[in-house]
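Take a look at the letters that make up each chain.
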Protein chains: 2
Amino acid sequence: MSKSQGRVTLPAQAGYMKESLELLSRWGADAIRDCDGTELPPELKKTGAKIYSTYFVARGHNEFVKENMGECQQIYLMSKFQTARENKVAIPFMAGYFKEQIKPDYDHDPKKWWEVIDRTGGEVVDAKNWEVNKADETVVVHGAVPFHEYTVTFLAYVIWDPTQMYNHLTNNWGDVEHDIPFDVRKPKSRQFIHDYLDKWLAENEETDVVRFTTFFYHFTLVFNEEAREKYVDWFGYSASVSVEALEAFEEEKGYRLRPEDIVTAGYHNNPFICPTPKFRDFLDFQQKFVAQEAKKLVKKVQRAGKEAMMFLGDNWIGIEPYGKYFPQIGLDAVVGSVGGGTTLRMISEIPAVKYTEARFLPYFFPDTFREGNNPVVEAKSNWLAARRAILRKPVDRIGYGGYLSLAYKFPKFVSYVEKVADEFREIYENIAGQTPYTGLKVAVLNAWGRLRSWQAHMVAHAIPYKQTYTYAGVLEALSGSSVDVSFLSFDDILEEGIPSDVDVIINAGLRDTAFSGGAAWRDQKLLRLLREWIDQGGGFI
Amino acid sequence: MSKSQGRVTLPAQAGYMKESLELLSRWGADAIRDCDGTELPPELKKTGAKIYSTYFVARGHNEFVKENMGECQQIYLMSKFQTARENKVAIPFMAGYFKEQIKPDYDHDPKKWWEVIDRTGGEVVDAKNWEVNKADETVVVHGAVPFHEYTVTFLAYVIWDPTQMYNHLTNNWGDVEHDIPFDVRKPKSRQFIHDYLDKWLAENEETDVVRFTTFFYHFTLVFNEEAREKYVDWFGYSASVSVEALEAFEEEKGYRLRPEDIVTAGYHNNPFICPTPKFRDFLDFQQKFVAQEAKKLVKKVQRAGKEAMMFLGDNWIGIEPYGKYFPQIGLDAVVGSVGGGTTLRMISEIPAVKYTEARFLPYFFPDTFREGNNPVVEAKSNWLAARRAILRKPVDRIGYGGYLSLAYKFPKFVSYVEKVADEFREIYENIAGQTPYTGLKVAVLNAWGRLRSWQAHMVAHAIPYKQTYTYAGVLEALSGSSVDVSFLSFDDILEEGIPSDVDVIINAGLRDTAFSGGAAWRDQKLLRLLREWIDQGGGFI
C-alpha cells in the first residue's frame, strides 16, 4: 500500500531542516506552519507544501504601541472585598493582580469610569465620597459604614498579551520582550492594523494561508501577583472594554453600561451566570463590531490571493463562530485545538467556512516533551476521544503545534502520529460528505442555545473542571453518538416553540447556572410548553 | 477487685428468668425494664432492682379508640404533583401512601380544611373549583390550566402508630393488632388518658419508674404503598395537627394557619428549611400545650410515689427538651437511644431533670442478632463513639433494649457489655460532677440555636445521611473535644449580640438550609456584628 498524503499540517522549526523534511514525509503533511515563538525555516518554504503564517493582529508591534500606550487594550477588574473598620477605608485595588500584566488607567477620569460599591449594603458609593490615591494604588472611601465590605471596579490597561505571557512563563523565555496588545477600536491602532497588514501581505508572497491568532480581544485571563492564573474564562468579554467601546455602546443601544455590568461582583459574566439582558446587548454590540473589522482584514488577505484562517482561541472574543455575525466575516478556514470529542465538534461544525482543521494535543512544549515522560499517552487519549467525533462530523484537516525539535526526540511519538495521520486520511476519504446514521435528534437546552454550540460547561477549553466534569461528559458522550445534536435556548422555546423534529431534550448543569437554567424555570409558559411536548412523547433528561 | 454494680438497666423478658438473672448479675444492672412487644417476668420484679415500666400515653388502647375513631391523631399530607392535560384534572391524593397507616378525614369539611394549589402558577385554587370524590379518592379540579401542576393537601387520620408499625413490620409480628394513636387535644381522649393513668398507677404498685414513650404526638414517619419509609423527619410536626389544634392556634395567635403552612410544598417544614415565623409560632403553640398536658401526667406519677422518665423519641413532638416550656413538665429523668457522641450529648445535657440514661445500640432485634452476624461490631463502635462524649458530660445511667433472649445467644456480646458496664461505672465514679478541662468556648450558629442543641443536621436520629454526613461530623467531633459547646441562633445574635465568652463560632451546613442560614446572611446587621467580632479576635469557621 502506497503511503497516503495530505490533510496534515506540520509545525516546522528553523535550524531543524532535516528533521522537518523527514516528518513532512512520514506524516504525509501537505502544509507547514510556524508557531508562537518559532520562525519557519526558509528552505521549507520551497517543498511545495502550503505555507501557513501565524499572524497577530493586535500584538507583536511594541514599536507602534510603545509610542501609543493610551491605545493599549483595556479591562475592567474588581478589587478584593475590603472590610471597613471605621468610617474611612482604603481599598488597595491592585492587590492580587500581576503588575507586569495590569496597569490602572488614570488617563480617563476614575470618577466617571470606576465604581465603588458597598457590597454589604448593595449600594454604589457616590463618587464624591471617595478618591484615588495613585501613589499607593488605593481608593479611599469616606463615610463608610464600619464592617461593611467595599470594592472598587477599575479600568486598567493590559500591558502584556495573556497568551504570550502564558507561553513566555511556561517556556521560560526570559528576557524576550513582552507583547503589548492594542485596541482596534482606537484610531491609531485601527489605522496601524490595516496599514501593517497591507505591508505584510506585500512582503510575504510565499505565504498561502494567513492564520489569524485571532483578531482583536483576548478572552479573560488574569494572573495574580505570583504570576499564576487568577481568573480564566475562555468566553470572557471583560478585556474587550474601553472608554471608546462603552461610549459607542451607549450611542448604539441607548443606555450606558455600569462597570458592575461587566465585572458582576467579580464573576465577570462567566458562562455559568445566566446572561442578563445587558450582557446580551454587550455581546451583540461587540460581535457586530468585531465581525465588521475582521471582515476588512479577511478581504485584504483574499484580495492578495491568500486564504484567511482563524485560530479559535487567544484573541477570539467577539467572534462567536455560532453567532449571527460570523458568516459576514467570510473566513476560508478555522483551526482550533482539540481536547476531546466536544471541542472537535465545536470546530468541525462551524458554519460558513470552506474547511476546518484540528490542532491535536499535546503541544510540543517542554512541559510534556521532557525526559522520562511518554507523550504518546496524551496523544493517544486525545486521538481516541476526537476520533469518535470525527466519525460523526469530520474536520477537514489535522495538525500539531509547538517545537518540532522536541517531538523529534521521541521516536515512538513520531511513529504514533504517523499512524494517526494515515488513519485520519482513511476515515476522511470514506466518510467526508456522507450523512452518518442517526437514531435520534437531541437538543441540548440551556440559556445560551445555538450561540454556544458545543461550548456548554467549558471553562478553559476542554480542561477538566470539578464542578462541570459530569455535565461536560454529557456533551462528550453526545459528540460521538449516533444522534443528531442541536442547541436550544430557553428563549428559542418561548419564541418559536420546540422544533418538531427534536426527539430528546437534555438539560444538564449545576443548579442556578445558565446551563441548568436557574430562574428560567420560573417561566410558566416554558413549563407548559415542555410538559405538553413531553406528554406528546418527547423525551426530557 | 470486687465487681462494680449499678447504673445499668437491663431489658428483661418473660420466659427467660435464668438468663435474665444471669445478665442482671454479670452486667451489674440495678434496674430492669420491659420493651415494646415484651412483658416483664413477674419473678424479676422481686430481685430488688428498680422496675421501669414502659407506658404509652396515646396508643395501645384500641378498645377505647375504636369506639372513637374521630379522635385518632391527624396529619396533613400532600398528594403528588399532578399535571393537568386539559381543563379538568383528577388528583389521586392517596397515591403513594400506605392505607394501613393513613385514612383521609372526610368528617371535617374538605372545602375548609384541605387546599388545592396550582404549583406552576403558585396560586391556591378556589374551593368552588374542585370537589372530592371519595369513591376513588381523588380531587377533581375544574378550570385547570393545561400543563400546570396541581397538588391537594389533605387532612387525614393516622390509624397505625408509626413506631409500632415500624417494629411490627421489622419483627414480623404478623397479626398482632395495630395500635391506633389518639389525640389528647380531643375531649374523650384527654379524659381517657388521665383516667387510664390513674387506674394504671393503682394497678402497678411494683413499678418504680414510669417510662413514657413518649407523650402525645409522633414525629413525622409516613410509609408508602409498599409499606416502606416514604418520609421521615425526627423533628416533624405534621402529625401533630387536628381541626381542634388549628382552631386553638387561631384563637391563641390571632391568625389562621393554611394547610400549606404545615406541608410547605411537601417539605413539611423539615429542620433544613429556614423556619418561617408561622412555623415558629406553631412550634411554640404545640410546645406550650404539650408541656401543660405532660406536666399533669408527670404530677400523677410522682404523687403515686414513682419517678417519671421520658423516652426521647416516638411521640416526643412538642417536647423540645431544650425549649422554654420543657422545665415546667417536671420530669425526673430522660432516656434516649445513643447513635454516637452527638446523641449522647443531646441526652446528657438536657436541663431540669434529675438524671439521664443512654440506651445503647444495637437493639436486641433479629435484624442484628441473627446467625452469622457479630453484634459486638456495632456495640463497640457505638460505645467508642459515646465514650468520648461521656468524658465531657456523662449520662447518669446506661442500658439496652430489645429481646434479652436474642442477646443471650451471643456470649461474646454478653461479655463485651459486661466490660462496657464496668468501664462506664469506673468513668462515671471518677468524673461525675467534675468540670472537664476546656480549651475554648465554641458556639454552633444556625437558625435553630439552643432549641435544637446537638440536634443540628440530624434526620432520623444519628443515622448517616449523605447530604449532612460531613456537617454532622462537625458536631460529632465537638461532642468529645475539650471545648465548651453552646448553640446560638441568628436571632440571638441580632437581639443580644455575640456572648462575650465565645471564642469560636462554627456555621456549617448546606447552602440555603437552616443550618448554614440562607437568607439570614442578607441581614446587614448580622454581618456587621460578626465582622466586628472577628476583627476583634473572634474565630469564625
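In this text, all values refer to a predicted model and were calculated from it rather than measured experimentally. (Residues numbered from 1 in each chain as written. Chains lettered and ligands numbered in written order. Predicted model: local features only at pLDDT ≥ 70, side-chain atom pairs only at ≥ 80, totals over all residues. Heavy atoms only, no water.)

Undergrad: Describe in detail the overall build of chain A, supporting the description with residues and values.
TA: The helix and strand tally for chain A stands at 16 helices and 23 strands. In terms of overall dimensions, chain A has a C-alpha envelope of 80 × 65 × 50 Å along the principal axes. Out of the 541 residues belonging to chain A, those deemed buried represent 59%. Across chain A, the fraction of contacts at a sequence separation of at least 24, relative to all contacts at a separation of at least 6, is 76%. (Helix = DSSP H or I, 4+ residues; strand = E, 2+ residues; numbered from the N terminus. Buried < 20%, exposed > 50% of the residue type's maximum accessible area, 1.4 Å probe, protein only. Contact = heavy atoms within 4.5 Å.)

Undergrad: Report on the pattern of salt bridges, specifying residues and quantitative values.
TA: Oppositely charged side chains can form a pair if their charged atoms are brought close together. Scanning the entire structure with this criterion turns up 68 salt bridges over all chains. In this structure, the salt-bridge partner of B:Glu22 is B:Arg26, at a minimum N-O distance of 3.5 Å. One end of the pair is B:Glu22 and the other is B:Arg26, both in helix H1 (residues 17-26) and four residues apart, which spans about a single turn. Since its relative accessible area comes to 27%, B:Glu22 is described here as partly exposed. Connected through shared salt-bridge partners, A:Asp30, A:Glu357, A:Arg359 and A:Arg397 make up one network. (Salt bridge = Lys/Arg side-chain N within 4 Å of Asp/Glu carboxyl O.)

Undergrad: Requested: an account of the relation of the copies chain A and chain B, with residues and values cited.
TA: For the match of chain A to chain B, the screw axis carries a shift of 0.0 Å, the RMSD comes to 0.0 Å, and the turn is 180°. The superposition of one copy onto the other is thereby described by a two-fold rotation axis. Rotation axis and chain A: the residue whose C-alpha lies nearest the axis is A:Arg511, separated from it by 5.7 Å. (Least-squares fit on C-alpha atoms with pLDDT ≥ 70 in both.)

Undergrad: For the domain arrangement of chain A, give the residues involved together with the corresponding values.
TA: Residue and element names in this part refer to chain A. By domain assignment, chain A separates into domain 1 (8-63 + 186-218 + 306-431), domain 2 (71-158) and domain 3 (440-540). Computed from C-alpha coordinates alone, the two centres of domain 1 and domain 3 are separated by 31 Å. On the side of domain 3, 20 residues touch domain 1, which itself brings 19 residues to the contact. There are one salt bridge connecting domain 1 and domain 3. One salt bridge connects glutamate 320 with arginine 452, and the closest N-O pair in it is separated by 2.8 Å. The tally of links between domain 1 and domain 3 comes to nine residue pairs in polar contact (both at pLDDT 80 or more). Breaking the side of domain 1 that touches domain 3 down by element, the ones donating at least two residues are helix H10 (341-348) and helix H11 (375-392). The class makeup of the residues in the side of domain 1 that touches domain 3 is seven nonpolar, seven polar and five charged. (Domains from an automatic or database assignment. Polar contact = N/O pair within 3.5 Å; in protein donor to acceptor, adjacent residues only side chain to side chain. Nonpolar A, V, L, I, M, F, W, Y, C, P; charged D, E, K, R; others polar.)

Undergrad: Can you break down the interface of chain A and chain B residue by residue, with the values?
TA: In this assembly, 17 residues from chain A lie in contact with 17 residues from chain B. Ranking the residues of chain A by area buried against chain B places A:Phe147, A:Arg531 and A:Asp535 at the top, with a combined share of 39%. Taken together, the links from chain A to chain B amount to six salt bridges. For the pair chain A and chain B, the number of links is 14 residue pairs in polar contact (both at pLDDT 80 or more). With six residues, helix H16 (residues 524-535) of chain A is the largest single contributor of residues to the side of chain A that touches chain B. Split into classes, the residues belonging to the side of chain A that touches chain B amount to four nonpolar, five polar and eight charged. (Buried area = accessible area lost by both parts, 1.4 Å probe.)

Undergrad: Provide a residue-level description of the packing of H10(A) against H11(A), including the pertinent values.
TA: Residues and elements named next belong to chain A. Packing of H10 against H11 leaves a shortest axis separation of 7 Å and a crossing angle of 35°. The way H10 lies across H11 gives a crossing that is right-handed. Counting all contacts with H10, which are made through Gly341, Leu344 and Arg345, the residues of H11 involved are Ala385, Ala386, Ala389, Ile390 and Arg392. For the contact of H10 with H11, the class distribution of residues is five nonpolar, one polar and two charged. (Axes fitted to C-alpha atoms, helices over the stretch in contact; angles between N-to-C directions. Left-handed = near helix turned anticlockwise from the far one by under 90°.)

Undergrad: Explain the pairing of strand S15 (residues 229-233) of chain A to me, and be specific about the residues and the numbers.
TA: Residue and element names in this part refer to chain A. Direction of pairing for strand S14 (residues 220-223) relative to S15: antiparallel, over a ladder of four bridges. Pairing of threonine 220 across the sheet is with aspartate 233, part of S15. The hairpin formed by S14 and S15 contains five residues between the paired strands, and alanine 227 there has a positive phi angle of roughly 65°. (Pairing = 2+ DSSP bridges.)

Undergrad: Explain the sheet that holds strand S20 (residues 440-446) of chain A to me, using residue names and the numbers behind them.
TA: Residues and elements named next belong to chain A. Spatial strand order, S21-S20-S22-S23: four strands in an open sheet with parallel pairing. The sheet terminates laterally at strand S21 (483-489) and strand S23 (539-540), the two strands that pair on one side only. Alignment of strand S22 (residues 504-506) against S23, held across two bridges, turns out to be parallel. When the bridges of S23 are listed, valine 504 appears paired with glycine 539.

Undergrad: Break down empty space enclosed by the protein for me, citing the residues and quoting the values.
TA: All names here are of chain A. Following the criterion strictly, the structure yields nine cavities of 30 Å³ or more and no others. If you add up the space inside the largest cavity, you get close to 60 Å³. Around the largest cavity sit Gln73, Gln74, Ile75, Gln101, Ile102, Val158, Pro162, His218, Phe219, Leu221 and Ala239, which together line it. When grouped by side-chain class, the residues that make up the lining of the largest cavity number seven nonpolar, four polar and no charged. (1 Å grid on protein atoms, 1.4 Å probe; cavity = no way out; pocket = protein on both sides within 12 Å on 5 of 7 lines; lining within 4 Å. Points joined across faces, edges and corners; volume = space filled by probe spheres on them.)

Undergrad: Any details on the environment of B:Pro162? Residues and values, ideally.
TA: Among the structural elements, B:Pro162 can be located in helix H4 (residues 162-170). With near-sequence residues (within four places) excluded, B:Pro162 lies in contact with B:Gln101, B:His218 and B:Leu221.

Undergrad: Describe in detail the nonpolar core, supporting the description with residues and values.
TA: All names here are of chain A. In this structure, Trp27, Phe154, Phe215, Phe360 and Phe413 are the most contacted members of the largest nonpolar core, which totals 167 residues. In terms of residues, this core owes the most to one element, helix H8 (residues 277-303), which gives eleven residues. Apart from the residues lying within four places of it in its own chain, the contact partners of phenylalanine 360 are Val338, Leu344, Asn382, Trp383, Ala386, Ile390, Ile398, Gly399, Tyr400 and Val420. (Core = buried A, V, L, I, M, F, W, Y, C linked by side-chain atoms within 4.5 Å.)

Undergrad: Give me the lowdown on the packing of helix H5 (residues 187-203) of chain B against helix H8 (residues 277-303) of chain B, citing residues and values where you can.
TA: All names here are of chain B. Packing of H5 against H8 leaves a shortest axis separation of 10 Å and a crossing angle of 20°. Considered as vectors, H5 and H8 are oriented roughly parallel to each other. Between H5 and H8 the crossing geometry is right-handed. Each of Arg190, Ile193, His194, Leu197, Asp198 and Leu201 in H5 lies in contact with H8, whose residues at this interface are Phe289, Glu293, Lys296, Leu297, Lys300 and Val301. (Parallel < 35°, antiparallel > 145°, perpendicular 65-115°, else oblique.)

Undergrad: Go over the packing of aromatic side chains, please, and point to the residues and values.
TA: Residues and elements named next belong to chain A. This model, assessed by the stated rule, comprises 85 aromatic pairs over all chains. Seen in terms of ring centroids, phenylalanine 93 and phenylalanine 154 are 4.9 Å apart; in terms of plane orientation they differ by 50°. Their pairing is tilted. Linking phenylalanine 93 in the loop between strand S6 (89-92) and strand S7 (102-104) with phenylalanine 154 in strand S12 (residues 149-158), this pair joins segments that are 61 residues apart in sequence. Each of the two residues, phenylalanine 93 as well as phenylalanine 154, counts as buried. Here a set of aromatic residues connected by ring pairs shows up, and it is made of Tyr55, Phe64, Phe182, Phe192, Tyr196, Trp200, Phe212, Phe215, Phe216 and Tyr217. Across from the ring centre of tryptophan 130, 5.0 Å away, lies the NZ or CZ of lysine 111, which sits over that ring. Here the basic side chain of arginine 256 rests over the ring of tryptophan 113, its NZ or CZ set 4.9 Å away from the ring centre. (Phe/Tyr/Trp six-rings, centres within 6.5 Å; stacked < 30°, edge-to-face > 60°. Lys NZ or Arg CZ within 6 Å of the ring centre and 35° of its normal.)

Undergrad: Pulling in residues and values, what's your account of the sheet that holds strand S10 (residues 130-133) of chain B?
TA: Residues and elements named next belong to chain B. One open sheet accounts for three strands, arranged S6-S11-S10; its pairing is antiparallel. Looking at which strands have only one partner, the edges of the open sheet turn out to be strand S6 (89-92) and S10. Within the sheet, the average angular offset between the axes of one strand and its neighbour, ignoring direction, is 25°. Relative to strand S11 (residues 138-141), S10 runs antiparallel, the two sharing four bridges. The residue bridging tryptophan 130 from the neighbouring strand is valine 141, located in S11.

Undergrad: Quick rundown of the side chain of A:Glu19? Include the residues and the values.
TA: Residue and element names in this part refer to chain A. Residue position: glutamate 19 is located in helix H1 (residues 17-26). One buried charged residue, glutamate 19, remains without a salt bridge, the closest side chain of opposite sign being lysine 18 at 4.6 Å. Ignoring any residue separated from it by four or fewer positions in sequence, one finds glutamate 19 in contact with Leu404 and Tyr408. (Lys, Arg positive; Asp, Glu negative; His and termini not counted.)

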